[in-house]
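Residue-level structure breakdown
The residues making up each chain are set out below.
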Amino acid sequence: MTVVQKYGGTSVGSVERLRNVARRVAARAAEGEQLAVVVSAMGKTTDELLALARQVNPRPPRRETDLLMATGEMVSSALLTMALVDLDCPAVALTGAQAGMFTDDSFGRARIRGIDTWRVEEELAEGHVVVVAGFQGQSPQGDYATLGRGGSDTSAVALGVALRATQVEIYTDVQGIYTTDPRIEPNARCLRDIASEEMLEAAQQGAGVMHPRAVELGLLYDIPILVASSQAEFGSGSGTLIHREVQMEPENRVRTIALDRDVASVTLRHVPDRPGIAAQLFGPLADAGISVDTIVQNASELNLTDLTFTVSKGDCDQTEELSRPLAGALGAADVLFKHDLVKVSLIGTGMQSGPGYAATMFRSLSEAGINIELITTSEIRITCLVQADRGEEAVRVLHSAFRLDEEI
């Protein structure tokens, strides 16, 4: 039986924590399981490397930045392998490229194009624990390419799919997936399981435990993902299982509330309402690699409309550079940018078959005096944009309104 594990930066953040992970892995290997272990960089290494790059060059080239960033995970994989060997557990460390992880050449946000697992399978067959540097792969030109923040999750799930693993285990510094961030709401509850669709929405809307692309891969290939604490004993029943089938709570169809602080809004005012306007605006943004999230267009009045969309704060400067000349070319009156907003999202597959969720959400926020700037929905999600300084309060209000602290 092949199992893929992933340990995050906090779990391998010191020598003692690395040794703790090594003991856990060695114990599982001793039970006869074939283990491939994907690791993140230690602690804040990625941030420190990026800061170092910017000291040398305020705008470091992406190719060389990826080369630098990839070293963090290599250090973790090498050290963990050394710790395993010290415990008489045969192990081998592989870079993403050595593990057969092939990507495109979108440096800093690369996509996995395929995995050739021959080397990993060969090492597993010889009885080795294979420790893989996460977050990275090899571009078509043979360069290091990183998968973006949280990319080690994606590495682990993709490797699990390629190896036909029974499940992927993501070990982190929290107990599992909560009804909301317990740092915001102390009464948040750790869920036993959550539907893949719900987890994907939560990850896309700011829940930081899992990377959206990793959840998407798990959903697409129907591979269960266990999220648990690296301090919990295996088999203790702790943690949250992300999978297709979930036993729904019949009286409460909301599963989790997500808060996304990484959002900025852009509004083009008084845009001429004619065919092709949206394509003329969003085409250049897409060509620049800018992901647009929420899009809202007001009803046309006098053949003029307001068009609002959101992007991540990291893309805001580039969006502003592109949007201003585009707005002029489109005949918009002006462009407004807001950086003081957050997204609060109510998520649950059961909401699509039950009434009253939107009404309860809006009424609860209104009674708390929290103004809603923008509303978007999907079949299993309702999202409100509110002022950043009221975001955490909004989460607490909704958590209480939907009784998410109660085990129903």
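The rules behind the values
Counting restarts for each chain, with residues numbered from 1 along the sequence as it is written. Only residues with pLDDT of 70 or above have their local features reported here, since the model is predicted, and side-chain atom pairs are shown and tallied only from 80 upward, although totals for entire chains, interfaces and linings are computed over all residues. For the side-chain quantities, the full set of heavy atoms in the structure was used; hydrogens and water were omitted. We count a stretch as a helix when DSSP gives it H or I for four or more residues in a row; a strand needs E for two or more, and each element gets its number in order from the N terminus. In this analysis, two residues are considered to be in contact whenever any of their non-hydrogen atoms come within 4.5 Å of each other. When a carboxyl oxygen of Asp or Glu is within 4 Å of a side-chain nitrogen of Lys or Arg, the pair counts as a salt bridge. Only the contacting stretch of a helix is used when fitting its axis, a line to C-alpha atoms as for every element, and angles between N-to-C directions run 0 to 180 degrees. Relative orientations are named as follows: roughly parallel for angles under 35 degrees, roughly antiparallel for angles over 145 degrees, roughly perpendicular for angles from 65 to 115 degrees, and oblique for any other angle. In this scheme the handedness of a crossing depends on how the near helix is turned from the far one: anticlockwise by less than a right angle means left-handed, clockwise means right-handed. Classes in brief: Ala, Val, Leu, Ile, Met, Phe, Trp, Tyr, Cys and Pro nonpolar; Asp, Glu, Lys and Arg charged; the others, Gly included, polar. Whether a residue is buried, partly exposed or exposed follows from its accessible area with a 1.4 Å probe, protein chains only, as a fraction of its type maximum: under 20%, in between, or over 50%, in that order. Should DSSP find at least two bridges between two strands, the strands are regarded as paired. What counts as a ring pair is set by centres within 6.5 Å for rings of Phe, Tyr and Trp (its six-membered ring), and what kind of pair is set by the plane angle: stacked under 30 degrees, edge-to-face over 60, tilted for all other angles. We count a charge as sitting over a ring when the NZ of a lysine or the CZ of an arginine lies within 6 Å of the ring centre and within 35 degrees of the ring normal.

With respect to the helices and strands, the residue N298 is situated in the loop between β15 (295–297) and β16 (304–311). Through-space distance from the C-alpha of N298 to that of T308 is 8.4 Å; in sequence the pair is ten residues apart. Filtering out sequence-adjacent residues up to four positions away, N298 remains in contact with T305 and D306.

What follows covers the pattern of salt bridges. Scanning all chains against the criterion turns up 25 salt bridges. A salt bridge links R19 to D86, with the nearest nitrogen and oxygen atoms 3.7 Å apart. One end of the pair, R19, is in helix α1 (residues 15–30); the other, D86, is in helix α3 (residues 62–86), with 67 residues separating them in the sequence. A salt bridge links R28 to E169; the nearest nitrogen and oxygen atoms lie 3.0 Å apart. One end of the pair, R28, is in helix α1; the other, E169, is in strand β9 (residues 168–172), with 141 residues separating them in the sequence.

Another point: the packing of helix α6 (residues 196–204) against helix α7 (residues 212–220). Running from N to C, α6 and α7 cross one another at 165°; their axes reach a closest spacing of 8 Å. By the angle between their axes, α6 is roughly antiparallel relative to α7. Seen along the crossing, α6 lies across α7 with a hand that is left-handed. Within the contact between the two elements, α6 uses S196, E197, M199, L200, A203 and Q204 and α7 uses P212, V215, E216 and L219. Taken together, the residues that form the contact of α6 with α7 break down as six nonpolar, two polar and two charged.

A large share of strand β13 (residues 256–260) lies buried, amounting to five of its five residues. Judged by which residues are buried, β13 turns out to be covered on both faces: T256, A258 and D260 on one side and I257 and L259 on the other are all buried. Here five bridges tie β13 to strand β18 (residues 341–347), and the two strands are oriented antiparallel to one another. The residue of β18 that forms the bridge with I257 is L346.

Let's shift gears to the packing of helix α10 (residues 357–367) against helix α11 (residues 391–401). Angle between the axes and distance between the axes are the two parameters that describe a pair of packed helices. Two elements in contact, α10 and α11, have axes separated by 10 Å at closest approach and are oriented at 130°. Taken together, the axis directions place α10 and α11 in an arrangement best described as oblique. Considering the relative orientation of α10 and α11, their crossing is right-handed. Contacts from T360, M361, S364 and L365 of α10 reach α11 at A394, V397, L398 and A401.

Another point: the packing of aromatic side chains. Each aromatic ring pair is described using two quantities: the centre-to-centre distance and the angle formed by the ring planes. Inspection of every chain in the model, using the stated rule, returns three aromatic pairs. An angle of 15° between the planes, with centres 5.1 Å apart, marks the rings of Y7 and Y171 as stacked. A residue pair is termed long-range when its members are at least 10 positions apart, and Y7 in strand β1 (residues 2–7) and Y171 in strand β9 qualify at 164 residues. Accessibility expressed as a relative area gives 1% for Y7, which makes it buried. Ring geometry for F282 versus F309: centroids 5.2 Å apart, planes at 80°, classification edge-to-face. With F282 in helix α8 (residues 277–287) and F309 in strand β16, this pair connects stretches of sequence that are 27 residues apart. Grouping residues by exposure puts F282 and F309 together as buried. One Lys or Arg, R24, reaches over the ring of Y171 and ends 4.8 Å from the middle of that ring.

Any functional reading would require information that these geometric values do not contain.
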